[in-house]
Amino acid sequence: MIEWMIETATKRYPLLLGDGAARELPSLLRSLACPPGTKLFIITDDTVAPLYLDEVRATLAAAEYDVYAYIIPSGEAAKSFDNYYACQTAAIKCGLDRRSVIVALGGGVVGDLAGFVAATYMRGIRYIQMPTTLLAHDSAVGGKVAINHPLGKNMIGAFHQPEAVVYDTSFLRTLPERELRSGFAEVIKHALIRDRRFYDWLRAEIKTLADLRGEKLAYCIEKGIDIKASVVREDEKETGVRAHLNFGHTLGHALESELGYGALTHGEAVAVGMLFAVFVSERFYGRSFAEHRLADWFAGYGFPVSLPAAVQTRRLLEKMKGDKKAYAGTVRMVLLCEIGDVEVVELEDDNLLTWLDEFSRQ
Ligand code: NAD
Ligand code: MG
């Protein structure tokens, strides 16, 4: 079991990581000044609930906590105003007060929704993240919580840091391969933007997705969280360096939106986005990353490595101009200077379209 403190500009909180971490919840809660008798409200989804809810509930009930649960449907569509409202209704009916704690048991969807419920219930109560996906190493730290609006993803939200993150890696054993791959793209991203040594370790140790088990999986999560937390510590409200976390996401988001959410997983879209960002970096800086054979490396995990034939590059460019980093319609992309070092660069539409076309013909 690994335990360390996450530090952000506004808060310090513990993170427990390892097989069996969920069993440590009661002692963790006591250390957070949540005595037995405290009301705990678990929010989870209908895939995770049959797998782990009983176990988590029993651990907490045995320690004499007053436990309630609310189950949302699984999938991105559940990050909706309707489910947000339903959670609030259930929380009020259960009589949660300002000392109660919400427990987000699930992937990033549950974490984002439950975190936003916690951020706004009675103007904000405490919550704990219990991530059950690899991708959630990214969403469980940083304090961004949100729901979707039909007109845009994550449009309604807040910054609200959890009291603790409890990452029981044994829960990841039931994760479908495609979800593991999706989360692994963000692990690779964290290495590429910030940590050459971790990148070298990934290349040497994680040959296929089957290597993402046991201690190696825990190390990927630990490093991913460490890098994410260090970026967030420098820039909690996203005015500067936090934009680096968007490496691969300018094209990635455009692809997800153009193909319709769900056609590619987030990680698959980000993987193609990272390869395009490297392609642009080579042209922008006049240097080559060919020796790294990144596309082959990605393909080895089963990531798509090129644009789907059906997408029109001009439409992708339009979507990229709507990215949150764009100023006045000028695309700003995170480019790779070196492995482990990135920067945000403004790019002209004409150049981008040319590069998108070249990239799509590869
Ligand atoms: P998810 O929560 O939808 O989980 C993916 C799928 O796996 C779901 O069907 C879920 O039911 C299932 N699942 C979860 N745990 C499982 C387990 N242990 N065994 C079997 N199945 C399991 O998606 P995700 O990929 O974890 O997260 C994506 C969400 O995270 C997006 O909404 C995204 O916006 C958000 N996100 C937020 C941040 C942030 O900073 N707040 C960062 C990255 C992503
Ligand atoms: Mg992402």
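Analysis parameters
- Residues numbered from 1 in each chain as written.
- Chains lettered and ligands numbered in written order.
- Predicted model: local features only at pLDDT ≥ 70, side-chain atom pairs only at ≥ 80, totals over all residues.
- Heavy atoms only, no water.
- Helix = DSSP H or I, 4+ residues; strand = E, 2+ residues; numbered from the N terminus.
- Rg over C-alpha atoms; globule rule 2.2 N^0.38 Å.
- Buried < 20%, exposed > 50% of the residue type's maximum accessible area, 1.4 Å probe, protein only.
- Contact = heavy atoms within 4.5 Å.
- Lys, Arg positive; Asp, Glu negative; His and termini not counted.
- Charge placed at Lys NZ, Arg CZ, Asp CG, Glu CD.
- Donors = N, O, S within 2.8 Å, 3.2 Å for Na, K, Ca; no water.
- Near = heavy atom within 4 Å.
- Polar contact = N/O pair within 3.5 Å; in protein donor to acceptor, adjacent residues only side chain to side chain.
- Areas by Shrake-Rupley, 256 points an atom, 1.4 Å probe, with all protein chains shown as cover.
- Nonpolar A, V, L, I, M, F, W, Y, C, P; charged D, E, K, R; others polar.
- Axes fitted to C-alpha atoms, helices over the stretch in contact; angles between N-to-C directions.
- Parallel < 35°, antiparallel > 145°, perpendicular 65-115°, else oblique.
- Left-handed = near helix turned anticlockwise from the far one by under 90°.
- Salt bridge = Lys/Arg side-chain N within 4 Å of Asp/Glu carboxyl O.
- Core = buried A, V, L, I, M, F, W, Y, C linked by side-chain atoms within 4.5 Å.
- Pairing = 2+ DSSP bridges.
- pLDDT = per-residue confidence, 0-100.
- Expected span 1.5 Å × (residues − 1).

## Here we look at the overall build of the protein
Stage number 1. Counting its regular elements, the protein contains 13 helices and 11 strands.
Stage number 2. Against the 2.2 N^0.38 benchmark of 21 Å for 362 residues, the protein shows a C-alpha radius of gyration of 20 Å, consistent with a compact globule.
Stage number 3. Across the 362 residues of the protein, 58% fall into the buried class.
Stage number 4. Residue pairs in contact within the protein that sit at least 24 positions apart in sequence constitute 74% of those at least 6 positions apart.
Stage number 5. If the 41 positive side-chain charges of the protein are averaged to one point and the 48 negative ones to another, these points end up 3 Å apart.

## A look at the coordination of the magnesium ion (ligand 2)
Stage number 1. Protein coordination of the magnesium ion (ligand 2) is provided by Glu-186 (OE), His-249 (NE2) and His-266 (NE2), with donor distances spanning 2.0 to 2.3 Å.
Stage number 2. Here the donor residues of the magnesium ion (ligand 2) are spaced in sequence according to E-x62-H-x16-H. Linking Glu-186 in helix H6 (residues 177-194) with His-249 in helix H9 (residues 249-259), this pair joins segments that are 63 residues apart in sequence.

## Here we look at the site of ligand 1
Stage number 1. Taken together, 26 residues lie around ligand 1, and Glu-76, Thr-132, Thr-133, Phe-171 and Thr-174 are the ones closest in.
Stage number 2. One of the backbone nitrogen or oxygen atoms of Gly-108 is found 2.8 Å away from an oxygen atom of ligand 1.
Stage number 3. At 2.8 Å from a nitrogen atom of ligand 1 is found a main-chain nitrogen or oxygen belonging to Lys-144.
Stage number 4. With the chains in place, 88% of the 870 Å² that ligand 1 exposes on its own is no longer accessible.
Stage number 5. Put simply, the parts of the chain that give the shell around ligand 1 at least two residues each are helix H2 (48-62), helix H4 (108-120), helix H5 (136-139) and strand E8 (152-159).
Stage number 6. Classifying every residue of the shell around ligand 1 by side-chain character gives eight nonpolar, nine polar and nine charged.

## Re the packing of helix H7 (residues 196-205) against helix H8 (residues 214-234)
Stage number 1. For the pair H7 and H8, the least separation of the axes is 12 Å and the interaxial angle reads 160°. Here H7 is positioned roughly antiparallel relative to H8, judged by the angle of their axes. Like other packed secondary-structure pairs, H7 and H8 cross with a definite hand, here left-handed. Listed contacts from H8 to Phe-198, Trp-201, Leu-202 and Glu-205 of H7 are Lys-216, Tyr-219, Cys-220, Lys-223 and Ile-227.
Stage number 2. A breakdown of the residues in the contact of H7 with H8 according to their chemical character gives six nonpolar, no polar and three charged.

## With respect to the pattern of salt bridges
Stage number 1. In the structure shown here, the tally under the stated rule is 23 salt bridges.
Stage number 2. Its salt-bridge partner being Arg-178, residue Glu-268 comes within 2.7 Å of it at the nearest N-O pair. Here Glu-268, found in helix H10 (residues 266-285), pairs with Arg-178, found in helix H6; they are 90 residues apart in sequence, far enough to count as distant.
Stage number 3. The residue Lys-319 makes a salt bridge to Glu-258 at a minimum N-O spacing of 3.0 Å. Highlighted residues: Lys-319 in helix H12 (residues 313-321) and Glu-258 in helix H9, separated in sequence by 61 residues.

## Focus on the nonpolar core
Stage number 1. Ranked by size, the top nonpolar core spans 77 residues in total, and within it Leu-134, Phe-184, Phe-247, Phe-276 and Met-333 carry the most contacts.
Stage number 2. No other element matches H10, which puts 11 residues into this core.
Stage number 3. The residues contacting Phe-276, other than those within four sequence positions of it, are Leu-251, Met-320, Met-333, Leu-352, Trp-355, Leu-356 and Phe-359.
Stage number 4. Residues Leu-29, Val-48, Leu-60 and Val-67 belong to the second largest nonpolar core, which totals 27 residues.

## Points about the side chain of Arg-332
Stage number 1. On the secondary structure map, Arg-332 appears in strand E10 (residues 331-338).
Stage number 2. Despite its burial, Arg-332 remains without a salt bridge, the nearest opposite charge being carried by Glu-346 at 4.2 Å.
Stage number 3. Among all residues touching Arg-332, those that are not within four sequence positions of it are Thr-250, Asp-323, Lys-325, Tyr-327, Val-344, Val-345 and Glu-346.

## Details of the pairing of E8
Stage number 1. Here strand E7 (residues 144-149) pairs with E8 via five bridges, running antiparallel. Counted as the bridge partner of Ile-147 is Ile-156 from E8.
Stage number 2. The hairpin formed by E7 and E8 contains two residues between the paired strands.

## Thoughts on the environment of Ile-71
Stage number 1. Residue position: Ile-71 is located in strand E4 (residues 66-72).
Stage number 2. With a relative accessible area of 42%, Ile-71 lands in the partly exposed category.
Stage number 3. Each C-alpha atom of the pair Ile-71 and Ile-227 lies 31 Å from the other, and the pair is 156 residues apart in sequence.
Stage number 4. When residues no more than four places from it in sequence are discounted, the contact partners of Ile-71 are Thr-44, Asp-45, Asp-46, Ala-49 and Leu-53.

## Here's the deal with the confidence of the model for the protein
Stage number 1. Taken over all residues, the pLDDT of the protein has a mean of 95, while the share at 70 or more is 99%.
Stage number 2. We note a pTM of 0.95 for the whole complex and an ipTM of 0.99 for its interfaces.

## Structural notes on H6
Stage number 1. In this model, H6 (18 residues) spans 26 Å end to end at C-alpha, consistent with the 26 Å of a helix rising 1.5 Å per residue.
Stage number 2. Extensive coverage of H6 is indicated by the burial of 14 of its 18 residues.

## Remarks on H9
Stage number 1. Among the 11 residues that make up H9, eight are buried, leaving the element largely enclosed by the rest of the structure.
Stage number 2. Listed in full, the buried residues belonging to H9 are His-249, Thr-250, Leu-251, Gly-252, Ala-254, Leu-255, Glu-256 and Glu-258.
Stage number 3. Buried residues in H9 make contact with H6, H10, H12, E10 and helix H13 (349-361).
Stage number 4. Remark: Gly-260 follows H9 within two positions and exhibits a positive phi of approximately 90°.

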